[in-house]
Amino acid sequence: MSKACEKALVVLSGGQDSTTCLYWALQRYGHGNVEAVTFDYGQRHRIELDCAATIAKLAGVRHTVLPADTFGALGGNALTDASITPEQGSRSDDALPNTFVPGRNLIFLTFAAALAYQRGITNVVTGVAQTDYSGYPDCRENTLKALELSIRLGMDFPLNLHAPLMFMSKAETVYLAQEVGAMEALAFSHTCYNGVQPPCGHCASCELRAKGFAEAGVPDPLIERFAREA
Ligand code: ZN
């Protein structure tokens, strides 16, 4: 199959990285060959779902929202459990932060692959990266390689799992966003663990995002949008 008729399904959370990946896929596969999928996993911050829908609309791609609410029932993490507060700032020890949702990426990518299978789409794109992040083990390349193989075997389907940001620093992902034309959409993305707009500016996620834009020497279009509206 030539690249021209290949299609891609992007896992779109509404955040900075998955938004950049959506535009990466549009540039690589072309408009009309890209779709997005978002998971409603019982996240405390419904704003993520709204952001994903807005960005998919801006990008002009078909957008599917799939329920994956078992994570809320499992509890025990700050993203679905309202009684747990996301940890502040960056960490110095090796323990996983309480924003880690065990199994989340494994399940999301498997569901995405199942949807891709049904649609005859052989490329699934995810915004995970193993550099510069909180050390989530399901964001590492070896996990993705193993999962890709499991899906190929288990679905008898030639799936390619792409993680274009895997080895990029946060600053490099900002440059990529510029290159693929994602900056306008990034003004509508959502990163803050505290689920507020404008973003809180002090959670680990806000700090990481701000650091990336600062290192790239590029203003964050999300912050600029709120500054304009203020
Ligand atoms: Zn925040």
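Everything numeric in this text was worked out from a predicted model, so none of it was measured. Every chain's residues receive numbers from 1 upward, in the order its sequence appears when written. The predicted origin of the model limits local features to residues at a pLDDT of at least 70 and limits the giving and counting of side-chain atom pairs to 80 or more, whereas totals for whole chains, interfaces and linings rest on all residues. Only hydrogens and water are removed before side-chain values are computed, so all heavy atoms of the structure are retained for them.

### A word on the overall build of the protein
Within the protein, the secondary structure is distributed over nine helices and five strands. Put simply, DSSP H or I for four residues or longer makes a helix, DSSP E for two residues or longer makes a strand, and each gets a number counted from the N terminus. Element order for the protein, N to C, with α for helix and β for strand: β-α-β-α-β-α-α-β-α-β-α-α-α-α. For the protein, the exposed area adds up to about 10500 Å²; of that, 54% sits on carbon and sulfur atoms. For every accessible area listed, the method is Shrake-Rupley and the probe measures 1.4 Å; residues are considered covered only by the protein chains on display.

### Examining the pattern of salt bridges
What makes a salt bridge here is a side-chain nitrogen of Lys or Arg within 4 Å of a carboxyl oxygen of Asp or Glu, nothing more. Under the defined criterion, the tally for this structure stands at nine salt bridges. Between D17 and K170 there is a salt bridge; the shortest N-O distance is 3.1 Å. Of the two residues, D17 sits in helix α1 (residues 16-29) while K170 sits in helix α6 (residues 170-179), which places them 153 residues apart along the sequence. Think of it in three bands: residues with accessible area under 20% of the maximum for their type are buried, residues over 50% are exposed, and the middle band is partly exposed, with areas taken using a 1.4 Å probe on protein chains only. With a relative accessible area of 12%, D17 lands in the buried category. A salt bridge links R225 to E229; its shortest N-O distance comes to 3.5 Å. Of the two residues, R225 and E229 both sit in helix α9 (residues 221-229), four residues apart, roughly one turn of that helix. A relative accessible area of 12% means that R225 is categorised as buried. Through salt bridges with shared partners, a single ionic network connects E35, R62 and R119.

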